[in-house]
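Listed here are the chains, written in short residue letters.
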Amino acid sequence: MSLALLTTLCGGVTVLILGALSLAFWTDPARGMAQTTHRLETLPLVMADRYAAFAVLALVFTIYGDLNVLIALFAVCAFMGFADGVIYARAGHPHMKHTISGVLSSVALAIAAAARLTQGAS
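Conventions and cut-offs
Residues numbered from 1 in each chain as written. Predicted model: local features only at pLDDT ≥ 70, side-chain atom pairs only at ≥ 80, totals over all residues. Heavy atoms only, no water. Helix = DSSP H or I, 4+ residues; strand = E, 2+ residues; numbered from the N terminus. Rg over C-alpha atoms; globule rule 2.2 N^0.38 Å. Buried < 20%, exposed > 50% of the residue type's maximum accessible area, 1.4 Å probe, protein only. Areas by Shrake-Rupley, 256 points an atom, 1.4 Å probe, with all protein chains shown as cover. Lys, Arg positive; Asp, Glu negative; His and termini not counted. Charge placed at Lys NZ, Arg CZ, Asp CG, Glu CD. Axes fitted to C-alpha atoms, helices over the stretch in contact; angles between N-to-C directions. Parallel < 35°, antiparallel > 145°, perpendicular 65-115°, else oblique. Left-handed = near helix turned anticlockwise from the far one by under 90°. Contact = heavy atoms within 4.5 Å. Nonpolar A, V, L, I, M, F, W, Y, C, P; charged D, E, K, R; others polar. Salt bridge = Lys/Arg side-chain N within 4 Å of Asp/Glu carboxyl O. Polar contact = N/O pair within 3.5 Å; in protein donor to acceptor, adjacent residues only side chain to side chain.

Draft legend 1. Spotlight on the overall build of the chain. The secondary structure content of the chain amounts to five helices and zero strands. For the chain, the succession of helices and strands along the chain, N to C, is α-α-α-α-α. Over its C-alpha atoms the chain spans a radius of gyration of 17 Å, topping by over 25% the 14 Å that the globule rule assigns to 122 residues. Per-residue burial for the chain yields a buried fraction of 14% across its 122 residues. Per element, the accessible surface of the chain, about 9000 Å² overall, is 75% carbon and sulfur. In the chain, the 6 positive side-chain charges and the 5 negative ones have mean positions that sit 4 Å from each other.

Draft legend 2. Main features of the packing of helix 3 (residues 43-64) against helix 4 (residues 67-90). In the contact formed by helix 3 and helix 4, the axes pass within 9 Å of each other and the chain directions differ by 155 degrees. Between helix 3 and helix 4, the angle falls in the class roughly antiparallel. The handedness of the crossing between helix 3 and helix 4 comes out as left-handed. Of the residues in helix 4, those touching helix 3 at Phe54, Ala58, Phe61 and Thr62 are Val69, Leu70, Leu73, Val76 and Met80. Taken together, the residues of the contact of helix 3 with helix 4 break down into eight nonpolar, one polar and no charged.

Draft legend 3. Looking closely at the pattern of salt bridges. Scanning the entire structure with this criterion turns up one salt bridge. Measuring nitrogen to oxygen at the nearest pair gives 2.7 Å for the salt bridge that ties Glu41 to Arg39. One exposure class covers both Glu41 and Arg39, and it is exposed.

Draft legend 4. Representation of the side chain of Thr36. Relative to the helices and strands, Thr36 is located in helix 2 (residues 29-36). For Thr36, the side chain forms a polar contact with the main-chain oxygen of Met33, separated by 3.3 Å. Not counting residues within four places of it along the chain, the set of residues in contact with Thr36 comprises Leu21 and Phe25.

Structure (structure tokens):
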């Protein structure tokens, strides 16, 4: 087995694990918390880690400069912004910062997609 194939398999396992945890949180938040061993009192620190990790990914993806990767990044950011906005709006809480994040990420996604289309035409 080549290292490239092994790397791809590692990516697939990562997708499965993250997908399973995501499903656990969506279907039964208490189960998600138990499976991840997160604690409510430390969630602000966990969120800080997550935002820092996404910032590093965004930096690396931006420096790498591949439009396809940036399209994926902006799509994921748009999903997160809109999903958080919906969660807070449904609960009657302020949501505009999240919703605007989704809108801005969608604008960036559209720009990156247009750049990709233009790149393919040249």
